[in-house]
Amino acid sequence: MALKRGFSISGLNKNRRGGSRLPIVVVIFFCVLSPLIFFVGRGLYTTSSSTDQILNAVGSGKQHLNWRERLALQHVKSIFSKEVIDVVTSSTADLGPLSLDSFRKNNLSASWKVIGVDTSVEDNAASEPNQTATVVKQEAPKGKDDNISDDDSRSGDTPAKLARRQLREKRHEKRAAELLRQDDEAIARLESAAIERSKLVDGAVLGKYSIWRKEMDSENSDSTVRLMRDQLIMARVYLSIAKMKSKLDLLQELQTRIKESQRVLGDSLADSDLHPSAPEKIKAMGQVLSKAREQLYDCKLVTGKLRAMLQTADEQVRSLKKQSTFLSQLAAKTVPNGIHCLSMRLTIDYYLLPLEKRKFPRSENLENPNLHHYALFSDNVLAASVVVNSTIMNAKDSSKHVFHLVTDKLNFGAMNMWFLLNPPGKATIHVENVDEFKWLNSSYCPVLRQLESAAMKEYYFKANHPTSLSSGSSNLKYRNPKYLSMLNHLRFYLPEVYPKLDKILFLDDDIVVQKDLTKLWSVDLHGKVNGAVETCGESFHRFDKYLNFSNPHIARNFDPNACGWAYGMNIFDLKVWKKKDITGIYHKWQNMNEDRVLWKLGTLPPGLITFYNLTHPLEKTWHVLGLGYNPSIDRSEIESAAVVHYNGNMKPWLELAMTKYRPYWTKYIKYDHPYLRNCNLSE
């Protein structure tokens with residue numbers, strides 16, 4: 001029993017020891033091996049699925065695979081582990097699709113740089129998808145100092161930013177170079193066009209007296225001259241700035257180019273007047289100006305210099321205008337050498353003639369009131385001949401016209417000799433000497449008495465009186481010697497000069513007759529004395545322009561807005577003249593103006609006063625004025641006029657005459673006449 005129990009106990013102990021190991025193994029299995037098996041199995045499944053995805057991606061587009069390809073894919077699955085697949089997947093996700101942008105966005109090492117990228121890649125990447133791929137090249141490793149650029153060391157930027165900055169700088173440089181090239185090409189085209197236009201000009205433009213009027217000149221003409229002048233202006237601006245900034249080399253170069261351009265330009269007014277070397281000088285000056293613009297241009301300085309030059313130019317213009325006025329009035333007083341020569345030669349030949357050959361035919365017509373009588377008072381032989389010739393050539397019947405010429409003692413012989421040699425057809429000519437009018441003396445004529453006064457002599461002949469506009473002589477035109485001559489005042493004594501005539505047509509010596517004037521003698525003057533063309537417009541050529549209305553005598557007797565009229569072609573009714581005592585009215589006002597307080601010297605102001613309310617207006621086509629000062633008279637108006645008048649300083653026999661108006665006067669002169677040839681008178 002005991003043995004049996006013992007056996008049982010020992011066997012039980014054995015069973016207990018073997019049974020206690022099994023739970024331990026089970027516990028260890030579930031705690032350690034089960035998770036390990038789980039994770040390994042999951043990893044193999046994930047690896048297999050990831051590998052299948054990659055292989056499916058690699059093999060996309062191939063629907064049917066042969067047995068070799070399937071076998072190869074199965075071996076590939078065993079090659080790609082989970083770690084490899086994870087690395088490839090994360091790298092692909094970070095980089096995205098391989099493109100130029102991916103290289104720009106990633107931080108490449110300093111040993112990588114972008115090669116062959118044009119400045120327009122970034123700008124045109126969206127619009128040009130087929131742009132040539134950028135080549136990425138890895139350079140050989142350099143030394144430690146070479147791997148870091150100077151810019152990178154200064155700014156601390158990444159290589160990608162440095163690459164982008166370099167691209168922007170290159171793009172800016174290329175754009176700036178292209179703009180400069182376009183600017184140079186535009187300047188070259190303008191210069192070439194100007195040179196070509198200048199070659200088309202055959203000769204200098206004549207009659208450039210009206211260049212200040214836009215309608216008289218083409219907008220694009222003489223562009224080369226204007227270009228050179230503009231270059232000279234800018235060169236002078238940069239010259240002063242170069243002196244200020246001590247740019248001696250540029251200063252000397254500008255001075256040289258300015259002298260060359262001035263020498264070529266000279267006094268040229270048209271492209272055709274320029275020297276053939278002008279294009280070369282323009283190009284050389286342009287290069288210097290470009291250099292000066294790069295080195296010296298400052299908006300404030302340039303503006304200040306141009307403003308100063310403008311002010312200086314304005315002062316010069318005002319001064320030149322004064323000088324021009326003075327010189328033009330001085331020229332208007334002079335007699336050209338050719339006309340003086342003509343007068344002297346004719347005078348000598350006249351006094352060599354026998355007395356019987358000095359008489360004009362048809363002297364019986366001089367007092368015939370039924371004929372058409374003209375009064376012409378002049379000391380200019382050539383001008384008087386044009387008046388007579390133009391009247392006779394346009395008259396229907398020259399035998400009915402009688403010319404009464406009055407001149408001074410100096411030109412009396414020349415006037416007689418000219419018309420003796422050149423009789424005006426069948427017309428009657430009579431020449432008188434004003435110095436032989438015995439009734440015309442200082443006791444009867446207030447003007448003569450005033451001319452002999454000490455005050456008048458001082459006004460005209462005092463040695464130290466102002467002789468220029470700049471020194472205060474603002475009324476130089478009234479100092480003209482013609483106002484000292486009684487020929488100018490003889491128009492107020494027509495009934496005394498021609499006592500037996502009823503009507504007479506007064507003509508100035510600076511007019512040209514273009515039509516038959518016979519109808520003027522049949523014009524009804526409605527009881528007025530003077531028939532004349534009115535010259536007033538809206539606000540000019542009225543009485544207040546000629547008379548001093550601050551004087552009570554003038555203000556009380558005359559209307560300041562009364563219309564003025566012109567001397568030069570006037571038909572006078574001598575019967576009414578005598579009845580109204582016109583000469584007495586003239587004497588009254590002339591005596592009141594002895595100290596020149598009512599009007600300045602001249603004959604038009606006293607004429608306006610004397611014939612106030614006694615003037616009948618004629619049609620304007622009878623008399624067109626202004627050919628001696630107005631360059632814009634319509635040609636049709638001139639050609640339709642019966643008489644054209646060169647009133648003003650630019651008389652047709654002077655060199656300063658207007659070129660386009662002069663042919664109306666010269667057509668009545670025979671320049672092949674021996675006397676004219678001997679005195680070098682020509683068109």
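Definitions and limits used
Residues numbered from 1 in each chain as written. Predicted model: local features only at pLDDT ≥ 70, side-chain atom pairs only at ≥ 80, totals over all residues. Heavy atoms only, no water. UniProt positions renumbered as here; feature names shortened; annotations may be inferred. Pairing = 2+ DSSP bridges. Helix = DSSP H or I, 4+ residues; strand = E, 2+ residues; numbered from the N terminus. Axes fitted to C-alpha atoms, helices over the stretch in contact; angles between N-to-C directions. Contact = heavy atoms within 4.5 Å. Buried < 20%, exposed > 50% of the residue type's maximum accessible area, 1.4 Å probe, protein only. Disulfide = S-S within 2.5 Å. Phe/Tyr/Trp six-rings, centres within 6.5 Å; stacked < 30°, edge-to-face > 60°. Parallel < 35°, antiparallel > 145°, perpendicular 65-115°, else oblique. Left-handed = near helix turned anticlockwise from the far one by under 90°. Salt bridge = Lys/Arg side-chain N within 4 Å of Asp/Glu carboxyl O. pLDDT = per-residue confidence, 0-100.

The name recorded for the protein chain in an unreviewed UniProt entry is Hexosyltransferase, from Populus tomentosa. The UniProt entry for the protein chain carries the following text under Subcellular location (unreviewed entry): "Golgi apparatus membrane". The record in UniProt for the protein chain states the following under Sequence similarities (unreviewed entry): "Belongs to the glycosyltransferase 8 family."

Here we look at the sheet that holds strand 5 (residues 428-433)
Read across the open sheet, the 7 strands follow the order 5-4-3-6-9-8-10; overall the sheet is mixed. Lying at the two open borders of the sheet, with one neighbouring strand each, are strand 5 and strand 10 (615-617). Recorded for the sheet is a direction-independent mean angle of 25° between the axes of neighbouring strands. Bridge count for strand 8 (residues 530-532) against strand 10 is 3 bridges, and the pairing is parallel. Bridge pairing in strand 10 places Ala532 opposite Pro617. The strands that helix 13 (residues 381-393) touches are strand 3 (372-377), strand 4 (401-407), strand 5 and strand 6 (503-507); relative to strand 4, the one it contacts most, it runs at about 175°. Lying over the sheet, helix 14 (residues 412-421) contacts strand 4 and strand 5, oriented at roughly 170° with respect to strand 5.

Topic: the pairing of strand 6
Among the 5 residues in strand 6, 4 count as buried, and that is most of the element. For strand 6 and strand 9 (residues 569-573), the ladder comprises 5 bridges, and the chain directions are antiparallel. What sits directly across from Ile504, in strand 9, is Phe572.

Thoughts on the sheet that holds strand 7 (residues 511-513)
Taken in spatial order, the 3 strands of this open sheet run 7-12-11, and their pairing is mixed. Each edge of the open sheet carries a strand with a single partner, namely strand 7 and strand 11 (623-624).

What to know about the state of the cysteines
One pass over the full model with this rule turns up 2 disulfides. Between the sulfur atoms of Cys341 and its disulfide partner Cys679 the distance amounts to 2.2 Å. Looking along the S-S bond of the Cys341-Cys679 disulfide, the torsion reads about -70°, which is the left-handed sense. A residue pair is termed long-range when its members are at least 10 positions apart, and Cys341 in helix 12 (residues 337-351) and Cys679 in the segment after helix 25 (674-678) qualify at 338 residues. Accessibility expressed as a relative area gives 6% for Cys679, which makes it buried. Here Cys536 engages in a disulfide with Cys563; their sulfurs sit 1.7 Å apart. On the sign convention where negative is left-handed, the bridge of Cys536 and Cys563, at about -100° about the S-S bond, is left-handed. Here the residue Cys536 occupies a position in the loop between strand 8 and helix 18 (543-546), and Cys563 occupies one in the loop between helix 19 (552-557) and strand 9, the gap between them amounting to 27 residues. Taken as a pair, Cys536 and Cys563 share a single burial class, namely buried.

Observations regarding the pairing of strand 4
Burial analysis of strand 4 places 7 of its 7 residues in the buried class, which makes it a mostly covered element. Side chains His401, Phe403, Leu405 and Thr407 project from strand 4 onto one buried face, and the interleaved Val402, His404 and Val406 project onto a second face that is buried too. Examined bridge by bridge, strand 3 and strand 4 share 6 bridges and lie parallel to one another. Following the sheet pairing, Ala375 is matched in strand 4 by His404.

What to know about the packing of aromatic side chains
Counted by the stated rule, this structure contains 23 aromatic pairs. Pairing Phe558 with Tyr612 gives two aromatic rings, centres 5.0 Å apart and planes at 75°, and the pair type is edge-to-face. Of this pair, Phe558 sits in the loop between helix 19 and strand 9 while Tyr612 sits in the loop between helix 22 (604-610) and strand 10, and the two are 54 residues apart along the sequence. Consider the rings of Trp565 and Tyr567, whose centres lie 5.0 Å apart with planes at 75°: the pair is edge-to-face. The pair formed by Trp565 and Tyr567 is uniform in burial state, with each residue classed as buried.

Points about the packing of helix 8 (residues 223-244) against helix 9 (residues 248-265)
Relative orientation of the contacting elements helix 8 and helix 9 amounts to 155°, with a least axis distance of 10 Å. As far as their axial angle goes, helix 9 and helix 8 are roughly antiparallel. Both helix 8 and helix 9 take part in a crossing whose hand is left-handed. On helix 9, the residues touching Val225, Met228, Arg229, Leu232, Ala235, Arg236, Tyr238, Leu239, Ala242 and Lys243 of helix 8 are Leu251, Leu254, Gln255, Ile258, Ser261, Gln262, Val264 and Leu265.

Digging into helix 21 (residues 582-592)
Those residues of helix 21 that sit buried are Ile582, Thr583, Tyr586, His587, Trp589 and Gln590. Turning to helix 21, the residues buried within the fold contact helix 15 (446-451), helix 17 (494-497), helix 19, helix 20 (574-580) and helix 22.

Considerations on the pattern of salt bridges
For the structure on display, the rule yields 8 salt bridges. Of the charged contacts in the structure, one is a salt bridge between Arg257 and Glu260, with a shortest N-O distance of 2.9 Å. Of the two residues, Arg257 and Glu260 are both situated in helix 9; the distance of 3 residues between them amounts to about one turn of the helix. With a closest N to O distance of 3.7 Å, Asp502 and Lys575 form a salt bridge. With Asp502 in the loop between helix 17 and strand 6 and Lys575 in helix 20, this residue pair connects regions lying 73 residues apart in the sequence. Ionic contacts of the salt-bridge type, sharing partners, join the residues Arg257, Glu260 and Lys281 into one network.

Re the environment of Met415
Tracing the backbone shows Met415 in helix 14. Filtering out sequence-adjacent residues up to four positions away, Met415 remains in contact with Ser378, Asn380, Val381, Ala384, Leu405, Thr407 and Val431.

A short note on the confidence of the model for the protein chain
In the predicted model, the protein chain carries a mean pLDDT of 77, and 68% of its residues have values of at least 70. Low pLDDT, under 50, characterises residues 57-63; the stretch is placed with 0 contacts to residues that sit more than four places away or in other chains. Below a pLDDT of 50 lies the segment residues 201-219, which in the model reaches 21 contacts outside its immediate sequence neighbourhood of four places, other chains included.

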